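Now for the letters of each chain:
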Number of protein chains: 4
Amino acid sequence: MVDLYAQRGYGARKVGFGRKPGLVVVDFQAGFTDPAAPMGGAPMVDAACARTADLMRAAKAAGVPIVACVIGFDSPAAVPHWKVGPVHDLITGTPGTALDPRIAAAGPDVVLTKTAPSIFFGTPAGAILTREGVDTVIVTGCITSGCVRASIIDAFSLGLRVQVPEDCVGDHDRAAHDQNLTDVGRRYADVIDAEAAIAALETFARQNDRA
Amino acid sequence: MVDLYAQRGYGARKVGFGRKPGLVVVDFQAGFTDPAAPMGGAPMVDAACARTADLMRAAKAAGVPIVACVIGFDSPAAVPHWKVGPVHDLITGTPGTALDPRIAAAGPDVVLTKTAPSIFFGTPAGAILTREGVDTVIVTGCITSGCVRASIIDAFSLGLRVQVPEDCVGDHDRAAHDQNLTDVGRRYADVIDAEAAIAALETFARQNDRA
Amino acid sequence: MVDLYAQRGYGARKVGFGRKPGLVVVDFQAGFTDPAAPMGGAPMVDAACARTADLMRAAKAAGVPIVACVIGFDSPAAVPHWKVGPVHDLITGTPGTALDPRIAAAGPDVVLTKTAPSIFFGTPAGAILTREGVDTVIVTGCITSGCVRASIIDAFSLGLRVQVPEDCVGDHDRAAHDQNLTDVGRRYADVIDAEAAIAALETFARQNDRA
Amino acid sequence: MVDLYAQRGYGARKVGFGRKPGLVVVDFQAGFTDPAAPMGGAPMVDAACARTADLMRAAKAAGVPIVACVIGFDSPAAVPHWKVGPVHDLITGTPGTALDPRIAAAGPDVVLTKTAPSIFFGTPAGAILTREGVDTVIVTGCITSGCVRASIIDAFSLGLRVQVPEDCVGDHDRAAHDQNLTDVGRRYADVIDAEAAIAALETFARQNDRA
C-alpha cells in the first residue's frame, strides 16, 4: 500500500530532543480516570496515567519542570461550545476536576485549570515553560484524539520540539488513538515511548550535572 | 458495535449557527492544490477547493466576511519544527505560497500568512472575526488531518460556534479525513455539507435584510 | 502648547459602543484594595472599586456579561519575572488573592485567575466574551498604569471596541494614571466616565427589550 | 517626595540577563521614521532608530536572533479600532510599511507584519524566539508609549526576561516616553542603555565561544 503522505514528504524530518525538556500532563483528572465517572473507564487512559506517573518521577529526579492541568470552569458562563455532555459538569471544585491521585502524588510543579482542549490555550503554560528555558516538551495525558492532540499542535506552534510517548497518552478507542498519533507523527512530533523519554531525561540530568 | 464515545456523552450536544457567520479558508495554496507541487495532487483537495469557491460566492452575496490564509515564512528562521519536508520550502513569494486561483477569484476579504497549522495561531484572524461581530465560523480548507483540524480546535477554543462542511475540506487519504471529522464532530463542531452551509448563509442574508 | 500627537493624527477617530457590551473588572482583590496589604492603601483604587460595583449592578440589570479576575499563582513556579516584590506572594488561596467584597457582592459571572498583567493573557476571558457575542468591552480595575493598561491594549488588539470609565480605574499616583489614560485615549479606547457607561448599558438594555 | 510605588514594593527586584538573548525591533518603518510621513518627524524616533542599527550589528556579531516588524494590513478589513488616523493607511505594500533603510541594512533574521501594538500579538514572534531558545529579549523600536510599551508587556507575560535600552526606543514627546519607561521599569523590565546591551551581547558571544 502506497503511503501518500510519505510520498509527499510528510515525516521526512525528525524533531529530536533539544537542550532542555519539560513535561506536560493533560487532563489526568477524576472525570476521565475514575471508572465511575461518566467519561471514565477507558483502560488505555488508566494505563497511560500510571505510566505517566513513572515519567513524572524521572522528570523530578532530572530537575525537569512538570506542568499539569485539568479541565474546569469557574461557572457555566466560562464553558465554550463543547459537544461532550459531561464536560459541562466539570465546574471547578466538583469531584471530576480533581487531579488523579497518582499524578498528584508524583508532584507536578504547577497545576493549571483550562476550558479548551489544549493545555496551552487560555493558560500560562507556555510562559511557565519559557521562563524555565524549555525548548522540548514531552506531552502526556488524555484523551489522545482530543486534548492531547490539541496540546501537541499548540506546543509545536509555539516553536517547541514535541515528543509524545505513546504509552503515556490514552483514548477510549484504539483506532482514534492510532490515527491521531499517525497524524501528529507525520507533521509535528516524534512518537516515542516512556522508556525512551526516561532515557532522554536521564541524559539531560547527566549533562546538567557536568555543566 | 458499541460507540464508546457516544456512551460516554460525546456528541451529546449540537452547536448550531448563531447570530452572525464568518468563513475561513485554510491553505488552498499552490503548494497543495497544484498537482505538480510536492504536496499537491490529492483529488479530495481539488474537489474541496472548487466547492469552497462556491461557498465563498454565497458568503459574499450574504455579506459575510471571508478570511483566507496560506502557509508562508519570511525566512527559514521563521519555520517551526515541521516534519513535512516541502513545508520548509514555502518561503513567502515562492510559487507554493500563491493562493489557488479559484479562491483568489472568489475574493476573500483578507489573506493572511501563517507559520503554524491553525489559521488563528500567530495571525490576527480571531481579531478580524471579533471586529466583524462573528460568533459562528465555517471552516474550509486543507489538509483535513492537519491545518483544518488545528483551525477547528482553535475556533472552538476561541468561543466561536464551528461548522465544517465536509465537502469543503480535503485530505490526501480518506481514512485520515474521516477519522478527523469524527473526532471534531464529537467534540467541537457540527460536520455539515456545503449545501447546508449555503442555506445558512442565505437565511442569514434574509434576516439581515429585514433588520 | 502644540500637541504633537494630535498633529500627527492620534485621537483622530472615535471608537464608540457597538452592538453588545461586556464588562471586565481587573484585579480588585485584597492585595490592592485592603489598606493593610503591602500594595494596598491607594485612595484612587478604593474609589474606583466602589464605583465599579455600581457599574456592575447596571451591567447585571442590563443582562451584560461581567468577567472579573485576580492575580494569583498556583505555585512560585508559575510566576513570571515580576519586579514588584509583593506580587510574588499572591499564591492562590492566600488573603491577597480574594476578590474585594464589593466586587464579589455585585456578582461577576466569571472570576478568572491570571499571572500576567492583562486579564486576557493566559486566560479564557476573550473566549468568554466571544461566546457571548460581545463586541465592546468596558474596562475597569487597578492599577491604571499596570494591569489596566495591559488589559486595554489586549482588548483593542483582539478586535473589540474599548471603553474606559476613568472613575472606575485607579492608581497609586495621579500622574501615572493620567499619562496612561492619555496614551490609550489617543490610540485604542474612548476614555469616558461611569455615568456615561451606565447610560450606554441602559440604552443597550432598552434596545434588547425591543428586539 | 515619597515614591508610593517603591514604598509598596514596585521595582524591588531586578530582572537581569539570562542564558540567551534575542532582539526585537518594533515598527521602525517609513510611516514613523520618514520625516515626510504623517506620523514621522520625531527626533527621538530618528535617534533611536540609528542607535538600534548599532545594536543590531552587535547582535549579529554575537549570533543573536533579530526579529523586526512593521504595522501593515492586508486590507482595511484587517484593521482593528485604531484611533490614530494615518495608521489606517498602512496597507501592506504602501510606502509607510517599508522598513527603515538603516534597519533593513542591519539585516534582521525575520521581518513580520502586525496589526496590533505588540510585536507578539497575532504574529509568530514568540514562537521564533522559543525555537531559538531565547530567554531574554531586548526590546527596541517606536513609539515608546504605544507599540513598544505593548511589546514589553507581552514579552514579560510570555515568561521572557525583558531589557529595554532607553536610547533605542523613541516617542513623539519626552513626557510620555519617560512615564512609560518608569511604568515598565517598576514592573516588567530593566531599563538600560544601548551600551549596556551591547556589552551583554559581547559577554554572551564570549561565553558561547567557550561552550
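Residues numbered from 1 in each chain as written. Chains lettered and ligands numbered in written order. Predicted model: local features only at pLDDT ≥ 70, side-chain atom pairs only at ≥ 80, totals over all residues.

(A) Broad picture of the overall build of chain A. Looking only at helices and strands, chain A has eight helices and seven strands in total. Taken against the 2.2 N^0.38 rule, which gives 17 Å for 211 residues, the C-alpha radius of gyration of chain A at 17 Å falls within 12% of a compact globule. Per-residue burial for chain A yields a buried fraction of 62% across its 211 residues. Look at the contacts in chain A between residues 6 or more apart in sequence, and 79% of them connect residues 24 or more apart. (Helix = DSSP H or I, 4+ residues; strand = E, 2+ residues; numbered from the N terminus. Rg over C-alpha atoms; globule rule 2.2 N^0.38 Å. Buried ≥ 20, exposed ≤ 12 C-beta atoms within 10 Å, placed from the backbone. Contact = placed C-beta atoms within 7 Å.)

(B) Fine view of the relation of the copies chain C and chain D. Between chain C and chain D, which share one sequence, the superposing operator has a rotation angle of 180° and an axial displacement of 0.0 Å; the RMSD is 0.0 Å. When the rotation and shift are considered jointly, the pair of chain copies conforms to a two-fold rotation axis. Here 100% of the interface residues in chain C have copies in chain D that are interface residues too; the copies meet face to matching face. (Least-squares fit on C-alpha atoms with pLDDT ≥ 70 in both.)

(C) Up close: the relation of the copies chain B and chain A. Here chain B sits on chain A after a turn of 180° about the axis and a move of 0.0 Å along it, with an RMSD of 0.0 Å. When the interface residues of chain B are mapped onto chain A, 100% of them again lie at the interface, so the same face is used by both copies.

(D) Highlighting the interface of chain B and chain A. Taken together, the contact pairs 38 residues of chain B with 38 residues of chain A. Every element with two or more residues in the side of chain B that touches chain A is listed here: helix 1 (4-7), helix 6 (144-157) and helix 7 (174-187) of chain B. When residues in the side of chain B that touches chain A are grouped by element, the largest group, six residues, is from helix 6 of chain B. Split by residue class, the side of chain B that touches chain A holds 19 nonpolar, eleven polar and eight charged. (Nonpolar A, V, L, I, M, F, W, Y, C, P; charged D, E, K, R; others polar.)

(E) Summary view of the nonpolar core. In terms of nonpolar packing, the biggest core is built from 290 residues, with A:I152, B:I152, C:I152 and D:I152 touching the most fellow members. Apart from residues no more than four positions distant in its own chain, B:I152 is found in contact with B:V139, B:V162, B:V164, B:V184, B:Y188 and B:A189. (Core = buried A, V, L, I, M, F, W, Y, C linked by C-beta atoms within 7 Å.)

(F) Inspection of the interface of chain C and chain D at higher detail. Listed by partner, the interface residues are 38 residues for chain C and 38 residues for chain D. If you list the elements that add at least two residues to the side of chain C that touches chain D, you get helix 1 (4-7), helix 6 (144-157) and helix 7 (174-187) of chain C. A total of six residues in the side of chain C that touches chain D trace back to one element, the largest contributor, which is helix 6 of chain C. Residues of the side of chain C that touches chain D, tallied by class, amount to 19 nonpolar, eleven polar and eight charged.

(G) Inspection of the packing of helix 6 (residues 144-157) of chain A against helix 7 (residues 174-187) of chain A at higher detail. All names here are of chain A. Running from amino to carboxyl end, helix 6 crosses helix 7 at an angle of 15°, the nearest separation of the two axes being 10 Å. Taken together, helix 6 and helix 7 sit at an angle that is classed as roughly parallel. Pair helix 6 / helix 7 crosses with right-handed handedness. Contact with helix 6, carried on its side by T144, S145, R149 and I152, involves A176, H177, N180, L181 and V184 of helix 7 and no other residues of that element. Classifying every residue of the contact of helix 6 with helix 7 by side-chain character gives four nonpolar, four polar and one charged. (Axes fitted to C-alpha atoms, helices over the stretch in contact; angles between N-to-C directions. Parallel < 35°, antiparallel > 145°, perpendicular 65-115°, else oblique. Left-handed = near helix turned anticlockwise from the far one by under 90°.)

(H) Local environment of the packing of helix 7 of chain A against helix 7 of chain B. Where helix 7 of chain A contacts helix 7 of chain B, the two axes come as close as 10 Å, and the packing angle between them is 115°. Looking at the two axes, helix 7 of chain A sits roughly perpendicular to helix 7 of chain B. Helix 7 of chain A and helix 7 of chain B meet at a crossing whose hand is left-handed. Judged by residue contacts, A:A176, A:Q179 and A:D183 of helix 7 of chain A engage B:A176, B:Q179 and B:D183 from helix 7 of chain B. A class-by-class count of the residues in the contact of helix 7 of chain A with helix 7 of chain B yields two nonpolar, two polar and two charged.

(I) Structural view of helix 8 (residues 194-210) of chain D. Residues and elements named next belong to chain D. Between its first and last C-alpha atoms helix 8 spans 25 Å; for 17 residues at 1.5 Å apiece the expected length is 24 Å, and the two agree. All of the buried residues in helix 8 are A197, A200, L201 and F204. When helix 8 is viewed along its axis, its buried side chains cluster within an angular range of 100° and face the same direction. Across helix 8 from its buried face, at more than 90 degrees, point the exposed residues R206, D209 and R210. Buried residues along helix 8 sit against strand 1 (21-26), helix 3 (43-62), strand 4 (136-142), strand 5 (161-165) and strand 7 (190-192). (Expected span 1.5 Å × (residues − 1). Arc of directions from axis to C-beta.)

(J) Representation of the environment of D:G22 within the structure. Residues and elements named next belong to chain D. Within the secondary structure layout, G22 lies in strand 1. Once the C-alpha coordinates of G22 and L181 are considered, the two residues, 159 residues apart in sequence, prove to be 20 Å apart. With residues up to four places along the chain from it excluded, the contact list for G22 reads V64, P65, V67, L129, E132, V134 and V137.

(K) Structural detail: the environment of A:G107. All names here are of chain A. Note that G107 resides in the loop between helix 4 (101-106) and strand 3 (110-114). G107 gets classed as partly exposed once you count the C-beta atoms within 10 Å, which come to 13. On a C-alpha basis, the gap between G107 and R57 in space is 8.3 Å, while along the polypeptide they are 50 residues apart.

(L) Representation of helix 3 (residues 43-61) of chain C within the structure. Residues and elements named next belong to chain C. Under the 1.5 Å per step criterion, the end-to-end length of helix 3 is 28 Å for 19 residues, consistent within 8% with the ideal 27 Å. Where helix 3 is concerned, the buried positions are V45, D46, A48, C49, R51, T52, A53, L55, M56 and A59. One or two steps after helix 3, the chain reaches G63, where phi turns positive at roughly 75°.

(M) Structural detail: the pairing of strand 5 of chain D. Residue and element names in this part refer to chain D. Of all the five residues making up strand 5, five are buried; the element is thus mostly covered by neighbouring parts of the structure. Strand direction decides the pairing type here: strand 4 and strand 5, joined by three bridges, are parallel. Looking at strand 5, one finds that I138 is bridged to Q163. With three bridges connecting them, strand 5 and strand 7 associate as parallel partners. What sits directly across from Q163, in strand 7, is D190. (Pairing = 2+ DSSP bridges.)

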